Amino acid sequence: QTATHASGNRKKTLVILGSGWGAISILKNLDTTLYNVVVVSPRNYFLFTPLLPSCPTGTIEYRSIIEPVRTVAKRRPGEVTYYEAEATDIDATNNKLTLKQTLGSDAVKAHGEDTLTVTLDYDYLVVGVGAQPNTFGIPGVLENSCFLKELPDSQKIRKQFMDCIETATLLPKGSAERARLLRTVVVGGGPTGVEFAAELQDYIDGDIRKWNPEIAAELKVTLVEALPNVLNMMNKKLIDYTEGVLRDLGIELMTGAMVKKVDENEVHAAIKQENGELKLVDVPYGLLVWATGNGTRDIVKNLSSKIPEQKNATRGLLVNECMMLQGSKNIFALGDCTFTKNPPTAQVAQQEGQYLASALEVLARVDDLEYQLYSTEIAGIEKERVQRRLHREQKAIQPFKYQHMGVLAYIGSERAVADLVWGDQSFFKNLNNISVGGTFTFFFWKSAYVQMLLSTKNQVLVTVDWIKVALFGRDVSKE
Ligand code: FAD
Ligand code: NAD
């Protein structure tokens, strides 16, 4: 499991690509004095994605759920270098990365080009670049949808939703165009789609109704899901409960409806009928939010195309049980950019990050012992002692084991669902699964997420946001 000394130095260079759940979990848990640590990511902050669906409506302010990479790095014992750039090429043969500065700022333009390209050497590389929204190549999705993956997505949704309201207000009541503008279509009944649809309906009922009751009564949220149910990873009882709550809220559920094409003003879906025939329906929208899961990033496709062992890696990088890239001896990968038996969740990426941090610490000790053995002149008893330690350390890296804690999702009107796993999963297999939904679960959901936030500052900010909403409601400004 050891790499050759690419740099020839005793202390190796570890480059971490990404600043998401996986990458930041490594950074938070690694003894950074053991490596020259370099973090590369086009996003200079960590984003707490579980609360992102609360941002477009203003339930949560976006600053409350981000943490700068440099703040996380500053708390670590060793020096960490951060580069705000995107990795555009990984040369796994020569251990070299190509980085592109994505800012397009005046400083970059002063070099005469819109982008600045540099190369970076590594001894070990961790790929934690996540995934991108999946459009499945469906025509019109990219041009007409908002996604909900990053902060700018949330800001775009907010602006477009408010634009629709303001324009519709000028149009005659009962006109088809007014109805279209006041309809939000959310495609994808996974947790992202469900949580966003629920947040939006809460906002319409709780806040827009106060300021603009006429418009609130006309605003409509439609959730389109290809499968027969939403939240398919939950058990049947929770699915039924969720669908009941969403319908009670007034959200229109279109299940068994596969979107095939998107136009500027309409979504075209095929609905399977009871007789098995497909019925085509056109759903007009003012705002379209596309939440159909994860697709593979170009950098991941590019890397897998160069390594023969990755030729079947169509849905993400293939790694061994120690998160090492198949076909490599010094590249690791984790999180949503990999394809493993575990789901693409923050929970998995975070645990993989914790695991890799401790594996990399062992690796640093192994490398150091090898350095003593092969690059320094030791002999006799001292050499045997080092060899024994090396043997012990090499055995210390155990395969990664995922501990599933369960799934939580907000479903609207201060209710949440939870499919939780309790205690040791090898015992009492069916006894330690708890499936609950309701208001109590909502408070559990809140407290669980507050605890998971990266810093005390974020915990305080999120709590204050919730208190502010409870006392004053959410505002209806465009920003
Ligand atoms: P990410 O967190 O996406 O991070 C990827 C990082 O790589 C980013 O910093 C990005 O800027 C960077 N990057 C991208 N391209 C490059 C490049 N070329 N070079 C360098 N860096 C690059 N999971 C849960 O378990 N519970 C939840 O409640 C939950 N809620 C969610 C809500 C929403 C709205 C979304 C979208 C996801 C949610 N998830 C949740 C899923 C969870 O966010 C992901 O599984 C998790 O973010 C994966 O972590 P990651 O580190 O692999 O990728
Ligand atoms: P997802 O993959 O979980 O769900 C996407 C949904 O879109 C699926 O149900 C799929 O059937 C549907 N779909 C796909 N193509 C469609 C089409 N053409 N027309 C209609 N429906 C279509 O995606 P997600 O909700 O973005 O979640 C991504 C990952 O993040 C998952 O692993 C999820 O568990 C995790 N996540 C977790 C939480 C949470 O735990 N609360 C919240 C958000 C995301």
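Conventions adopted
- Residues numbered from 1 in each chain as written.
- Chains lettered and ligands numbered in written order.
- Predicted model: local features only at pLDDT ≥ 70, side-chain atom pairs only at ≥ 80, totals over all residues.
- Heavy atoms only, no water.
- Helix = DSSP H or I, 4+ residues; strand = E, 2+ residues; numbered from the N terminus.
- Buried < 20%, exposed > 50% of the residue type's maximum accessible area, 1.4 Å probe, protein only.
- Core = buried A, V, L, I, M, F, W, Y, C linked by side-chain atoms within 4.5 Å.
- Contact = heavy atoms within 4.5 Å.
- pLDDT = per-residue confidence, 0-100.
- Pairing = 2+ DSSP bridges.
- Axes fitted to C-alpha atoms, helices over the stretch in contact; angles between N-to-C directions.

1. Description of the side chain of aspartate 367
Piece 1. Counting through the fold element by element, aspartate 367 comes out in helix H11 (residues 346–375).
Piece 2. Here aspartate 367 falls in the buried class, since its relative accessible area comes to 3%.

2. Focus: the nonpolar core
Piece 1. Counting 130 residues, the largest nonpolar core has Ile90, Val127 and Phe161 as its most contacted members.
Piece 2. Top contributing element to this core by residue count: H11, with 14 residues.
Piece 3. If near-sequence neighbours (up to four positions away) are discounted, valine 127 is found in contact with Leu17, Ile90, Leu303, Leu317, Ile331, Phe332, Ala333, Leu334 and Cys337.
Piece 4. Formed by 18 residues, the second largest nonpolar core is a distinct cluster that contains Val185, Val281, Val283 and Leu288.

3. A closer look at the confidence of the model for the protein chain
Piece 1. Averaged over all residues, the pLDDT of the protein chain is 93; the fraction at 70 or higher stands at 93%.
Piece 2. This model gives residues 1–7 a pLDDT under 50, and the stretch forms 26 contacts once residues within four places in sequence are excluded.

4. Regarding the environment of glutamine 310
Piece 1. Within the fold, glutamine 310 resides in the loop between helix H10 (298–306) and strand S19 (331–333).
Piece 2. Given the relative accessible area of 1%, glutamine 310 is considered buried.
Piece 3. Along the chain, glutamine 310 and leucine 325 lie 15 residues apart, while their C-alpha atoms are 8.5 Å from each other.
Piece 4. Sequence-distant contacts of glutamine 310, defined by excluding residues within four places in its chain, comprise Ser304, Leu317, Leu318, Leu325 and Gln326.

5. Describing the environment of leucine 171
Piece 1. As for its position among the elements, leucine 171 is in the loop between helix H5 (151–170) and helix H6 (176–181).
Piece 2. Relative accessible area serves as the criterion here: at 25%, leucine 171 is assigned to the partly exposed category.
Piece 3. Measuring from C-alpha to C-alpha, the distance between leucine 171 and leucine 181 comes to 9.9 Å, with ten residues separating the pair along the chain.
Piece 4. With residues near it in sequence (within four places) discarded, leucine 171 still touches Glu177, Arg178 and Leu181.

6. Here we look at the sheet that holds strand S22 (residues 433–438)
Piece 1. Ordered in space as S20-S21-S22, the three strands form an open sheet in which the pairing is antiparallel. Edge strands, defined here as strands with exactly one partner in the open sheet, are strand S20 (406–412) and S22. In this sheet, neighbouring strand axes are inclined to one another by 5° on average, regardless of whether the strands run parallel or antiparallel.
Piece 2. Relative to strand S21 (residues 415–421), S20 is paired through six bridges, and the arrangement is antiparallel. For glycine 406, the partnering residue across the bridge sits in S21 and is leucine 420.
Piece 3. Together, S20, S21 and S22 form the strand contacts of helix H13 (residues 439–452), whose direction differs from that of S21 by roughly 70°.

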